[in-house]
Amino acid sequence: MITSIAHTTIYVLNQDEALDFYKNKLGFEIGDDMKMEGDFRWLTVYPKSKPQLQLVLAEPKEGPMFTKDSAEKIRSLIEEGAFGAGVFETENCQKTYDELVAKGVEFIQPPVEQLYGVEAMGIDNSGNWFSLVQRANQI
Amino acid sequence: MTTNYKLERLNAGRDYIAANYQAPLSLSGMAEYSYMSPHHFLRVFKDTYGETPNEFLIRLRVEKAKKMLITENMSVSEICEEVGYISLGSFSSLFLKQVGMAPTLYRRKLWALSTEAYRFPSQAIPACYAYHFLGNKG
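Everything quoted here is computed from the prediction, not taken from an experiment.

Participant: In this structure, what is going on with the overall build of chain B? I would like to understand it.
Facilitator: When helices and strands are counted, chain B shows eight helices and zero strands. Along chain B, helices (α) and strands (β) appear in the sequence α-α-α-α-α-α-α-α when read from the amino end. Counting only residues that meet the buried cut, chain B has 17% of its 138 residues in that class. For chain B, the proportion of contacts with a sequence separation of at least 24, taken over those separated by at least 6, is 45%.

If you want it as structure tokens, here you go:
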């Protein structure tokens, strides 16, 4: 039986800039920041209350899985906003939204009531969309 | 007070533990090297060194494991066996008690403090990522 998700990947354009965004804007903690063989940087962050879920901030680069052309295409798609980073939960969507806006986080939708709760939609500094959701049972 | 002769015998027992910490050691086996009964060895060892033979053994094993967690590309299970434990659960519990954090967390924290020049091996990250980014098929 699978019990949880431990790692998931968010492709970013620049790891230093992404780390600044996820750490200093969203308030995530650094999980691992390790230089690996082949100059690959293993960089993970996690929401303070959920160290069990590590978000891997990875740059699409030419390597074993991507050709140079594929990596460039993925970078281009990130910049176009074709990818979603996921859904981040909060106890109070409006309050968190206000805090993040004050920090300069870009939102493409302010908090609105949905069937599943209150949701705002933001965008990270690479171009990945994310939802900020206050679940319906917390309203 | 421990006499010089007694201290030499005691040191022989202590050296035996230090040289064989990877092996299963019994109190009677340790005491034999000091020509003492197990009870006497335990009492004199504690009085002289401030810790029991078993506490000394655990400390040696944990210190060795700490070093290996940082310098060796071995799994925690392999290190557990290498320092003389059969049960990973017992080793992890002892490590947590001695160091204040589990072996894996200790390793990660020390890695995070490593110098810029150090390159971690592909085994340090989940295999699917290692394969994806580094081409390592494990």
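Participant: What should I look at first to understand the interface of chain B and chain A in this one?
Facilitator: Frequently, the measure chosen for interface size is the accessible area removed from exposure when the parts meet. Counting residues at the interface gives 18 residues for chain B and 15 residues for chain A. Those elements giving two or more residues to the side of chain B that touches chain A turn out to be helix 7 (103-112) and helix 8 (127-134) of chain B. Broken down by element, the side of chain B that touches chain A gets its largest block of residues, five residues, from helix 8 of chain B. Of the residues in the side of chain B that touches chain A, the class split is 12 nonpolar, three polar and three charged.

Participant: Before we go on, may I ask you to explain the sheet that holds strand 8 (residues 129-135) of chain A in this structure?
Facilitator: Residues and elements named next belong to chain A. Sheet architecture is open: four strands sit in the order 5-8-7-6, paired in mixed fashion. Pairing within the sheet leaves two strands with one partner each, and these edge strands are strand 5 (84-89) and strand 6 (106-114). Neighbour-to-neighbour, the strand axes of this sheet turn through a mean angle of 15 degrees, independent of strand direction. Pairing geometry for strand 6 and strand 7 (residues 117-123), over six bridges, is antiparallel. Each residue of the ladder has a partner; that of Q114, found in strand 7, is G117. Set on the sheet, helix 3 (residues 93-102) makes contact with strand 6, strand 7 and strand 8; between it and strand 6 the angle comes to about 170 degrees.

Participant: Teacher, can you tell me more about the sheet that holds strand 4 (residues 54-58) of chain A here?
Facilitator: In a beta sheet, neighbouring strands are held together by backbone hydrogen bonds and run either parallel or antiparallel to one another. All names here are of chain A. With mixed pairing, four strands are arranged side by side in an open sheet as 1-4-3-2. Both outer strands of the open sheet, strand 1 (7-11) and strand 2 (29-35), are each paired with one neighbouring strand and no more. The sheet shows a mean angle of 25 degrees between the axes of neighbouring strands, taken without regard to direction. Across five bridges, the pairing between strand 1 and strand 4 is parallel. Each bridged residue has a counterpart across the sheet, and for Y11 the counterpart in strand 4 is A58. Packing against the sheet, helix 1 (residues 15-25) makes contact with strand 2, strand 3 (41-46) and strand 4, and its axis sits at approximately 15 degrees to strand 3.

Participant: What is the right way to read the environment of L57 of chain B from this model?
Facilitator: Residue and element names in this part refer to chain B. Note that L57 resides in helix 4 (residues 53-71). Sequence separation between L57 and L25 is 32 residues; the distance between their C-alpha atoms is 8.8 Å. Not counting the four nearest positions on each side in its chain, L57 is found in contact with I17, Y21 and L25.

Participant: Would you mind showing me how to read the packing of helix 4 of chain B against helix 6 (residues 88-99) of chain B here?
Facilitator: If you want to describe how two helices pack, look at the angle between their axes and the distance between the axes. All names here are of chain B. Two numbers describe how helix 4 lies on helix 6: the axes approach to 10 Å, and their chain directions differ by 90 degrees. Judged on the interaxial angle alone, helix 6 and helix 4 are roughly perpendicular. Mapping the contact onto sequence places I58, V62, A65 and K66 in helix 4 and L94, F95, Q98 and V99 in helix 6. Here the residues of the contact of helix 4 with helix 6 are counted per class, giving six nonpolar, one polar and one charged.

Participant: Quick question: what am I supposed to make of helix 3 of chain A here?
Facilitator: Residue and element names in this part refer to chain A. Those residues of helix 3 that fall on the buried side of the exposure criterion are C93, T96, Y97 and L100. Down the axis of helix 3, the sector holding all buried residues measures 105 degrees, keeping them to one side. Seen from the open side of helix 3, the exposed residues pointing more than 90 degrees away from its buried face are K95 and A102. Looking at the buried residues of helix 3, the elements they touch are helix 1, strand 6, strand 7 and strand 8. Directly beyond the C-terminal end of helix 3, a positive phi value near 95 degrees is found at G104.

Cut-offs used in this document
Residues numbered from 1 in each chain as written. Chains lettered and ligands numbered in written order. Predicted model: local features only at pLDDT ≥ 70, side-chain atom pairs only at ≥ 80, totals over all residues. Helix = DSSP H or I, 4+ residues; strand = E, 2+ residues; numbered from the N terminus. Buried ≥ 20, exposed ≤ 12 C-beta atoms within 10 Å, placed from the backbone. Contact = placed C-beta atoms within 7 Å. Nonpolar A, V, L, I, M, F, W, Y, C, P; charged D, E, K, R; others polar. Pairing = 2+ DSSP bridges. Axes fitted to C-alpha atoms, helices over the stretch in contact; angles between N-to-C directions. Parallel < 35°, antiparallel > 145°, perpendicular 65-115°, else oblique. Arc of directions from axis to C-beta.

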